[in-house]
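Fold and contact review
Take a look at the letters that make up each chain.
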Amino acid sequence: MAKIPLHFILNGEERAEFVDSGATLLRLLRDKTGDLTAKSGCLQGTCGTCTVLVDGAPRLSCITLAEDCDGADVETVAGLAAHGQLHPLQHAVMEHFAAQCGFCTPGMLMAAKALFLTNPRPSREDVVEALSGNICRCTGYEPIIQAVLSAAQVMSASGPGAA
Amino acid sequence: MEIRKKYFADERNDDLKEIGQSRQRSDALGHVKGITPFYADRAIPGLLHIRMVRSPHHHARILGIDASRAERHPGVRRVITARDVPHNVYTVLSLINIGPEDEPVLAFDKVRWQGEPIVCIVADSERAAYEAAQLVQIAYEELPAVFDVEEALKPGAPLVNEYHGQNYYRYDSGESRKVILGDVEKGFAEADFILEQRYQASPIEQAPTETTGCVVVPDQNNRFTCYTGTQAVFFTLDNSSVILQVPGQQLHFVGGTAGGGFGGKVDCTTEPIAILASMLTGRPVSYIYNRYEEMQISSPRAAERIYLKDGVMKDGRIVARQVRCYVDSGAYSRHTPYGTQKAAAHFPGPYTIPNVRIDCYCVYTNRTPSSAMRGFGVTIGDFALEVQMDKLARLIGMDPLEFRFVNAYRDGDMKAHHQPTEGAALIECMQEAAEWADWPVDPRCMAMSSREPRRQP
Amino acid sequence: MGLSYRRFEKVSAATSFLTEEAGACVVGGGTLLVRRVNEGDAAVTTYVRVCDPEMKRIDEADGRIRLGALVTMAQLLGHPGLQWLAPAARIVGGPAIRSAATVGGNLFAASPYGDFGVALLALGAVVTVHGAVGVEEWPLAEFFARRDSLPAGLIVTSVAFTRPEAGTFRFVKASRVKPKGAAIVSIAAVIARDAGRVGAARIAFGAMAGTPIRASSFERALIGEQLITATLDRLEPHVTEGTTPPSDAIASAWYRQAVLPVHLRRLLLPEIDG
Ligand SMILES: Cc1cc2nc3c(=O)[nH]c(=O)nc-3n(C[C@H](O)[C@H](O)[C@H](O)COP(=O)(O)OP(=O)(O)OC[C@H]3O[C@@H](n4cnc5c(N)ncnc54)[C@H](O)[C@@H]3O)c2cc1C
Ligand code: FES
Ligand code: FES
């Protein structure tokens, strides 16, 4: 398989890696950059554990081709805690017991972050919609919904630009 | 969270320090940072990948296996068949002296369920392994298959598993696990009403978000580290050491972090093969179920069919209960003889019934082997029992909760298993639940206590 | 064998490559194609990415709307002039699926997927295809009829339809999981009224056959009728005519046919049943 050079931004840092032609973004992240935060739960686009942001939009990295991300801005959970400070979403997930086994958590966090980028004051319905592509088999969802709503509140109280 | 202290107040010391307190999970920080190390979360250079060639048939004789094209396929490092497995017997329950050795790790003479593993491909990439898997040619002679527990027990049904010689697990008590108290026939004769019903449930997949799997890294000195999502680390280590015929100290298992399990990750299906592949290639190897395998190949909670026959009096007392429960083990035993035994132990539910007869059968069919899942052998039975309780209440025109108060077991009552009841608290739970749910029940029920014997009618 | 990715600026170059290489497939959002490869389908050997900017555009001129084949569901949802079409775009997968899933790819989705194609069918869309023989325009119904035996190298570049009169487009999808779930059935309708009666009707069903289909018999029967309960009671036998729904994990064929008239009624008479 041909090795293809790619340039992209990962959590604000410039990166250059070689990938196997036809590889997915998930493989690029996990095998090449050492960022293991995006999980592989199904490789079918159905579970959402591999959710990352590509140019600000939520994407399922398991079905996104790495070569389509040449030049893209990619964000993962590894970039969520800025300067060692947990993101309000991370705090809220801890406080609301919204992570049990934790396997869905990175995907949930990125899906929620994507929501906040377009809708900083989401309703409960908005949150449910934003998380609808992410499966959690442990929590029953309610704690996650509560965590996202409470993070939104914290963030809008601390002013715009907090995301 | 709140602890209701009005019940059994004289029995409690109220010196609980942790119970009733909210405490952060110890792994929460790792979870939200995405750095909790699940088994696949290790960057391992030179990792090889396994894909399994599986039976497309429910029941067939294997006439021949030709893997030569797969062996020559670019990127393939090794093809493993039954011949390469030192002790080709899948041993889960034999470790605790229950299980029959009725299942091969890799099938060789026969396949007994659709999806049974036959040939293991070890390759440089998932892609190469998938490609090679399609090049393996296996000749089969298809055999008649049986998918229904009661069909399987009929004379003339296809024999699923020769090890057993019949399509059920033979307990020391015979063809079923039995529990007998009193005389059910006498009880039915006395009863005002009799209700017989059939209940059944399909197999239930645990469906964890992280699929079953492991990654094996060879260490120096012929030692192998196995990173695994198993819920049963030491059990799996012991099984692997028996299957591979190597002393346990050659195997180092790292586990305890499962991306969801729900009982579905106790079958040690991936570890022995992945370690063997690592031994044969000298390379790190990963064997990770894809989502299809997780849903179709990993053992589900067993399907069950349950017949309940109850004799009940107009005043609400159940005087006889007969249970026939057929648990679908699939083609092999795995944990199901044990699950069936649990079912027998769990019937007739938390009720005091003087005449009980329980027969629980562990039945072999040509379906995916079933195994553990939270409360296996119990949850489906509970569903059947409690639906039956509602139907009985309706039959005699009694409130369903009051009906349960009448029959709830109390301290000193003889259970069907010939053990006197101790520490009963069902009545108190129902009293609390009735208050919370605002479900009015007769004051007579609210005055009951688990510690007072039932008044004889 | 192995796997690779090829990028083409020109549709024609991609077409010739696709014709020559049997394992090559055009990739849109990849939500179906990459998934297939991930699950071990080794028949796909090359992803073909067409980078023609035209294929990513949404245009409107003289009441005619043109959607490039690579326009995503998310892009449609963000387009101010197409909010009336949002109900059909919003129910395709979750947000991350929608930021990848394309209009062109949706036309290839097997039942029970292909919801957006159902909407396009009711809109009377025309598909522009590029193939070995050149550029052609096919009515969408014809495209669906030929879909499973298309010549190699065929690329859908756009779909076009006339903007329907405000308030005449309706869409509903019934699924077992909300807000995201594969269709039990999806229904799109464009109904024009003429003096209180149905003047013209285009109604399409998803998950009621291998591809989206038109409810031809029911449409014909509806012309000139009043949209009231009594009409729908009378015309109910026409609703399932010509449907051959799949039985899958979502619903059985029997169930789909049984509930189709119910959902159709709710869509057509929201005042009464909605
Ligand atoms: C979790 C999940 C949920 C989903 N939910 C829904 C849903 O609710 N409703 C629904 O309708 N669909 C759903 N889908 C299916 C799919 O996402 C959509 O149908 C989507 O629109 C397909 O488009 P794509 O661009 O991703 O197609 P791709 O995967 O890129 O392509 C699909 C097929 O079409 C071919 N193709 C793509 N574009 C072209 C073109 N321009 N010319 C020629 N051939 C082309 C490809 O070669 C391939 O064979 C879901 C999928 C997933 C994984
Ligand atoms: S791993 Fe990508 S959606 Fe499940
Ligand atoms: S916490 Fe386990 S899947 Fe969500």
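Just so it is clear, the model here is predicted, and its values are computed rather than measured.

Moving on, we come to the overall build of chain A. When helices and strands are tallied, chain A shows five helices and five strands. Each helix (α) and strand (β) of chain A, taken in turn from the N terminus, gives the series β-β-α-β-β-β-α-α-α-α. A compact globule built from 163 residues would reach a C-alpha radius of gyration of about 15 Å, and chain A, at 16 Å, matches this within 12%. Along the longest, intermediate and shortest principal axes, the C-alpha atoms of chain A span 50 × 30 × 25 Å. The 163 residues of chain A split such that 57% are buried. Considering only intrachain contacts with a sequence separation of at least 6, the fraction spanning at least 24 residues in chain A is 55%. Looking at charge distribution, chain A has the averaged site of its 11 positive side-chain charges lying 6 Å from that of its 17 negative ones.

The next subject is the interface of chain A and chain B. Frequently, the measure chosen for interface size is the accessible area removed from exposure when the parts meet. With 27 residues of chain A at the contact, the number on the chain B side is 30 residues. Between chain A and chain B, a total of about 2200 Å² is buried, with carbon and sulfur atoms accounting for 63% of that surface. The largest per-residue losses of area from chain A upon contact with chain B belong to Met94(A), Phe103(A) and Arg137(A), which jointly make up 27% of the total buried on that side. Counting the contacts that link chain A with chain B gives two salt bridges. Residue Arg30(A) is joined to Asp41(B) by a salt bridge in which the shortest nitrogen-to-oxygen separation is 2.7 Å. Along the contact surface separating chain A from chain B lie 11 residue pairs in polar contact (both at pLDDT 80 or more).

Time to look at the sheet that holds strand β12 (residues 285–288) of chain B. Residues and elements named next belong to chain B. Spatial strand order, β3-β5-β1-β12-β9-β10-β11: seven strands in an open sheet with mixed pairing. A strand with exactly one partner marks an edge of an open sheet, and here the two such strands are β3 (76–80) and β11 (251–254). Adjacent strand axes in the sheet meet at a mean angle of 25° when their direction is disregarded. Pairing of strand β1 (residues 48–54) with strand β5 (residues 117–123), which is carried by six bridges, proceeds in the antiparallel orientation. For Arg-51, the partnering residue across the bridge sits in β5 and is Ile-121. Where helix α3 (residues 126–133) meets the sheet, its contacts fall on β1, β3 and β5, and the angle it forms with β1 comes to roughly 25°. Helix-sheet contacts for helix α7 (residues 271–281) involve β1, β3, β5, β9 (213–218), β10 (224–228), β11 and β12, and the interaxial angle to β9 is about 25°.

Turning next to the site of ligand 1. The immediate surroundings of ligand 1 are formed by 34 residues, with Val26(C), Gly29(C), Thr31(C), Thr102(C) and Asp115(C) found nearest. One finds residues of chains A and C in close proximity to ligand 1. Thr31(C) is positioned with one of its side-chain polar atoms (N or O) 2.4 Å from an oxygen atom of ligand 1. About the coverage of ligand 1: the protein hides 95% of its 970 Å² of free accessible area.

Moving on: the interface of chain C and chain B. In this assembly, 11 residues from chain C lie in contact with five residues from chain B. Both sides together, the interface formed by chain C and chain B hides about 610 Å², and carbon and sulfur atoms give 53% of it. There are zero salt bridges connecting chain C and chain B. Linking chain C with chain B are five residue pairs in polar contact (both at pLDDT 80 or more), by the criterion used here.

The next point concerns the sheet that holds strand β8 (residues 193–201) of chain B. All names here are of chain B. Pairing within the open sheet is mixed, and its five strands lie in the order β7-β15-β14-β13-β8. Because the sheet does not close on itself, it has two edges, and the strands there are β7 (177–181) and β8. Sheet twist, expressed as the mean angle between neighbouring strand axes with direction ignored, is 5°. Note that β7 and strand β15 (residues 355–364) share five bridges and pair antiparallel. Among the inter-strand pairings, Arg-177 is bridged to a residue of β15, identified as Cys-360. The strands touched by helix α9 (residues 336–346) are β7, β14 (318–330) and β15; relative to β15, the strand with the most contacts, the crossing angle is about 165°.

Turning our eyes to something else, we now look at the pattern of salt bridges. Taken as a whole and judged by the stated rule, the model has 57 salt bridges over all chains. Salt-bridge contacts for Asp31(A) lead to Arg27(A); the nearest nitrogen and oxygen are separated by 2.8 Å. Remark: Arg27(A) and Asp31(A) occur in helix α1 (residues 25–33); sequence separation between them is four residues, near one turn of the helix. The exposure class of Asp31(A) is partly exposed, given its relative accessible area of 47%. Residues Asp84(B) and Arg78(B) are paired through a salt bridge, measuring 3.3 Å at the closest nitrogen-oxygen approach. Judged by relative accessible area, Asp84(B) falls into the partly exposed class, the value being 24%. Under the relative-accessibility criterion, Arg78(B) is labelled partly exposed at 27%.

This part covers the packing of helix α2 (residues 88–95) of chain A against helix α3 (residues 105–118) of chain A. Residues and elements named next belong to chain A. The N-to-C vectors of α2 and α3 enclose an angle of 130°; their axes lie 10 Å apart at closest approach. Taken as axis vectors, α2 and α3 run oblique relative to one another. The handedness of the crossing between α2 and α3 is right-handed. Mapping the contact onto sequence places Leu-89, Gln-90 and Val-93 in α2 and Thr-105, Leu-109, Ala-112, Lys-113 and Phe-116 in α3. Partitioning the contact of α2 with α3 into residue classes produces five nonpolar, two polar and one charged.

With that settled, the discussion passes to the packing of α2(A) against helix α5 (residues 142–157) of chain A. Residues and elements named next belong to chain A. Look at α2 against α5: their axes get within 8 Å of each other, and the N-to-C directions meet at 135°. The angle between α2 and α5 falls in the class oblique. Considering how the two elements wind past one another, α2 and α5 form a crossing that is right-handed. The segment α2 lies against α5, with Pro-88, Leu-89, Ala-92 and Val-93 engaging Ala-147, Val-148, Ser-150, Ala-151, Val-154 and Met-155. Partitioned by chemical class, the residues of the contact of α2 with α5 number nine nonpolar, one polar and no charged.

Right, let's talk about the confidence of the model for chain C for a bit. Mean pLDDT over chain C stands at 96; residues scoring 70 or higher make up 99%. Across the interfaces of the predicted complex, the ipTM metric reaches 0.96, alongside a pTM of 0.95.

So, how was this worked out
Residues numbered from 1 in each chain as written. Chains lettered and ligands numbered in written order. Predicted model: local features only at pLDDT ≥ 70, side-chain atom pairs only at ≥ 80, totals over all residues. Heavy atoms only, no water. Helix = DSSP H or I, 4+ residues; strand = E, 2+ residues; numbered from the N terminus. Rg over C-alpha atoms; globule rule 2.2 N^0.38 Å. Buried < 20%, exposed > 50% of the residue type's maximum accessible area, 1.4 Å probe, protein only. Contact = heavy atoms within 4.5 Å. Lys, Arg positive; Asp, Glu negative; His and termini not counted. Charge placed at Lys NZ, Arg CZ, Asp CG, Glu CD. Buried area = accessible area lost by both parts, 1.4 Å probe. Salt bridge = Lys/Arg side-chain N within 4 Å of Asp/Glu carboxyl O. Polar contact = N/O pair within 3.5 Å; in protein donor to acceptor, adjacent residues only side chain to side chain. Pairing = 2+ DSSP bridges. Axes fitted to C-alpha atoms, helices over the stretch in contact; angles between N-to-C directions. Near = heavy atom within 4 Å. Areas by Shrake-Rupley, 256 points an atom, 1.4 Å probe, with all protein chains shown as cover. Parallel < 35°, antiparallel > 145°, perpendicular 65-115°, else oblique. Left-handed = near helix turned anticlockwise from the far one by under 90°. Nonpolar A, V, L, I, M, F, W, Y, C, P; charged D, E, K, R; others polar. pLDDT = per-residue confidence, 0-100.

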